[in-house]
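Coordinates in review
The chain contents come next:
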Amino acid sequence: MATALAGRPARGTTTRSRARRLALTLVAALLAVVLSVCVGGQPSSLAEAWHAVATPSGTVMDVTIRELRWPRTVTAVVVGACLGLAGVLVQGHTRNPIADPGLLGINQGAALAIVATTAVAGALAPLTQALLAFTGALVAVVVVFLIGSAARHGATPITLVLAGAAVSALCTGLVSGIVLLNDQALDTLRFWQVGSVAVRNGSLEVLWPFLALGLLLAALNVGPLNALSLGEDTARSLGVSVPRARATGIAAITLLAGASVTLAGPIAFAGLVVPHVARALMGPDHRWLVPAGILTGAGVLLLADTAGRVIARPGELSVGVVLAAAGAPFFVHLARRRKLAAV
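To keep things clear, this report deals only with the structure shown in the data block.

Counting its regular elements, the chain contains 14 helices and zero strands. Secondary structure elements of the chain occur, N-terminal to C-terminal, as α-α-α-α-α-α-α-α-α-α-α-α-α-α. For 343 residues, the compact-globule estimate of 2.2 N^0.38 gives 20 Å, and the C-alpha radius of gyration of the chain, at 20 Å, lies within 12% of that figure. With the C-alpha coordinates of the chain rotated into their principal frame, the extents come out at 65 × 55 × 40 Å. The buried share among the 343 residues of the chain stands at 49%. Intrachain contacts of the chain at a sequence separation of at least 6 include 76% that bridge at least 24 residues. As presented, the chain carries roughly 15,900 Å² of accessible surface, and 68% of it is formed by carbon and sulfur atoms.

Here we come to the layout of surface pockets. Here the largest pocket is characterised by a volume of approximately 370 Å³. Lining the largest pocket we find 23 residues, and of these G102, I106, N107, Q108 and P266 sit closest to its centre. For the lining of the largest pocket, the secondary-structure elements that each account for two or more residues are α5 (106–121), α7 (157–181), α8 (183–192), α11 (242–264) and α12 (270–282). Ranked by the residues each element gives to the lining of the largest pocket, the list is headed by α5, at four residues. Of the residues in the lining of the largest pocket, the class split is 14 nonpolar, eight polar and one charged.

Moving on: the side chain of Q91. Note that Q91 resides in helix α4 (residues 60–94). Side chain to side chain, Q91 and R279 meet in a polar contact 3.2 Å long.

Between α12 and helix α13 (residues 286–311), the shortest axis-to-axis distance is 8 Å and the interhelical angle comes to 125°. In terms of orientation, α12 lies oblique with respect to α13. Note on packing geometry: the crossing formed by α12 with α13 is right-handed. Contacts between α12 and α13 involve A270, V274, V277, A278, R279 and M282 from the first element and W288, L289, A292, G293, T296, G297, V300 and L301 from the second.

Nonpolar side chains collect at one region of the surface, where V194, I311, L317 and V321 lie side by side and expose about 320 Å² of accessible area between them. Residue classification places V194 among the partly exposed positions, given a relative accessible area of 39%.

So, on to α5. Across its 16 residues, α5 extends 23 Å between first and last C-alpha, which sits within 8% of the 22 Å expected from 1.5 Å per residue. By the burial criterion, the buried members of α5 are I106, G109, A110, A111, L112, A113, I114, V115 and T118. At its buried positions, α5 is contacted by α6 (126–149), α7, α8 and α11.

This part takes up the environment of R21. For R21, the position within the fold is in helix α2 (residues 15–38). Once the C-alpha coordinates of R21 and T172 are considered, the two residues, 151 residues apart in sequence, prove to be 41 Å apart.

Our next topic: the pattern of salt bridges. Under the criterion given, the structure shown has seven salt bridges. A salt bridge links R72 to E316; the shortest N-O distance between them is 3.0 Å. With R72 in helix α4 and E316 in the loop between α13 and α14 (319–336), this residue pair connects regions lying 244 residues apart in the sequence. The exposure class of R72 is buried, given its relative accessible area of 10%. When the shortest N-O distance is used, the salt bridge between D233 and R236 registers 3.3 Å.

The next thing to look at is the nonpolar core. Ranked by internal contacts, the top residues of the largest apolar core, which has 59 residues, are L89, I106, W192, I253, I267 and L301. Residue contributions to this core peak at 10 residues, all from α11. Apart from the residues within four sequence positions on either side, W192 is in contact with N107, A110, A111, I114, Q129, A133, V261, G265 and P266. The next biggest cluster of nonpolar side chains, apart from the first, holds seven residues, and it includes A278, M282, W288 and L289.

Here is what the cut-offs are and how they apply
- Residue numbers run consecutively from 1 along every chain, following the written order of its sequence.
- Note on the predicted model: pLDDT of at least 70 is required for a residue's local features to be given, and 80 or more for side-chain atom pairs to be given and counted; whole-chain, interface and lining totals, by contrast, use all residues.
- Computation of side-chain values covers all heavy atoms of the structure but excludes hydrogens and water.
- Secondary structure elements are taken from DSSP: a helix is a run of H or I of four residues or more, a strand is a run of E of two residues or more, and numbering for both begins at the N terminus.
- Here the globule rule reads 2.2 Å times residues to the power 0.38, and the radius of gyration is calculated from C-alpha atoms.
- Whether a residue is buried, partly exposed or exposed follows from its accessible area with a 1.4 Å probe, protein chains only, as a fraction of its type maximum: under 20%, in between, or over 50%, in that order.
- Here a residue-residue contact requires only that any non-hydrogen atoms of the pair lie within 4.5 Å.
- Areas reported here follow the Shrake-Rupley algorithm with a probe of radius 1.4 Å; residue values treat only the protein chains shown as occluding.
- Using a 1 Å grid laid over the protein atoms alone, points where a 1.4 Å probe fits but cannot get out form a cavity; open sets with protein on both sides within 12 Å along at least 5 of 7 lines form a pocket; any residue with an atom within 4 Å of a point counts as lining.
- Grid points are joined across faces, edges and corners, and a volume is the space filled by probe spheres set on the points.
- Here the nonpolar group is Ala, Val, Leu, Ile, Met, Phe, Trp, Tyr, Cys and Pro; Asp, Glu, Lys and Arg are the charged ones; every other residue, Gly included, is treated as polar.
- Counting of polar contacts relies on pairs of N or O atoms within 3.5 Å, with two restrictions inside protein: one atom must be capable of donating a hydrogen and the other of accepting it, and residues adjacent in sequence are counted only when both atoms are side-chain atoms.
- Axis geometry follows a simple rule: fit a line to the C-alpha atoms, using only the stretch in contact for helices, then measure angles between N-to-C directions, giving values from 0 to 180 degrees.
- Note on angle classes: values under 35 degrees are labelled roughly parallel, values over 145 roughly antiparallel, values of 65 to 115 roughly perpendicular, and the remainder oblique.
- Handedness of each helix crossing follows the sense of rotation of the near helix against the far helix: counterclockwise by less than a right angle gives left-handed, clockwise gives right-handed.
- Think of a patch as exposed residues, more than 30% relative accessible area, with no salt bridge, where like charges cluster within 9 Å and nonpolar side chains (Val, Leu, Ile, Met, Phe, Trp, Tyr) cluster within 5 Å.
- Criterion for a salt bridge: a side-chain nitrogen of Lys or Arg within 4 Å of a carboxyl oxygen of Asp or Glu.
- Between the first and last residue of a helix there are one fewer steps than residues, each counted as 1.5 Å, and that sum is the expected span.
- By nonpolar core we mean a set of buried residues, namely Ala, Val, Leu, Ile, Met, Phe, Trp, Tyr and Cys, connected to one another through side-chain atoms within 4.5 Å.

Shown next as structure tokens:
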């Protein structure tokens, strides 16, 4: 009942048209996968890509596709899907069109964990650094949620945003203090902050249970989130437990965004831009927004990564740099549109 009431389609938007748009989004994401595999410093044809995947014979192109392009394509799909879905959830819970997962202190918590450990223990193995990022992100969000829940009315969108801003500022200050005193920590932070899907640290094999749990929690959060979009009082009247819905959503955001930071570093603007693209295609119903956010996020990150390889050929631009260059004007555009004050 809650989802039926909350699923108010945009004018001219029907279930059939939404299904058609979702199918086209899937096709676009698959085409982005093909481009990511075929485009690089040395372009390859579809026949060469298929040969490398299906019947490899050890040629230079086979090795390039199997050992370099395919792993980064998989990473880009996973990270993009996580950021897109986390962005849909965080904008839905905060009802803020310029919110992204970093609002909860995820990036800053990950940075603090990496920098502090590097300053004490020295250089870190890639997998150790990745797992520290995940742990720091989890701890930061738990602190944000505990602070936000301590308010009189519990964890509301406003208290969570304020708590996130406070924790982010604290982590940023601590990171700045540590890197000023430790050159090795500064070098580690500088490399990690670029944000790239080309780094293979072996963390995907470790993190997949957390990713699966994050997807499950996001799916469970769809109905309550649709009800919450009508207002907390209406959601309560429909039988939704607001604290439980908030906790489920924050847990899903934490696992998904924390995993993306672990895999590729702090990639900005994907969690901000993707929900707006998905919402323009599907309307406000989260039953459609969630799959659209997953597919759009994967496609956007793949295209940004591919563009970075083309623009700076024979070198490459990091996907974080490409998205920042494209996302900053989009952010300014959103900030200037008064009618997007709430979602």
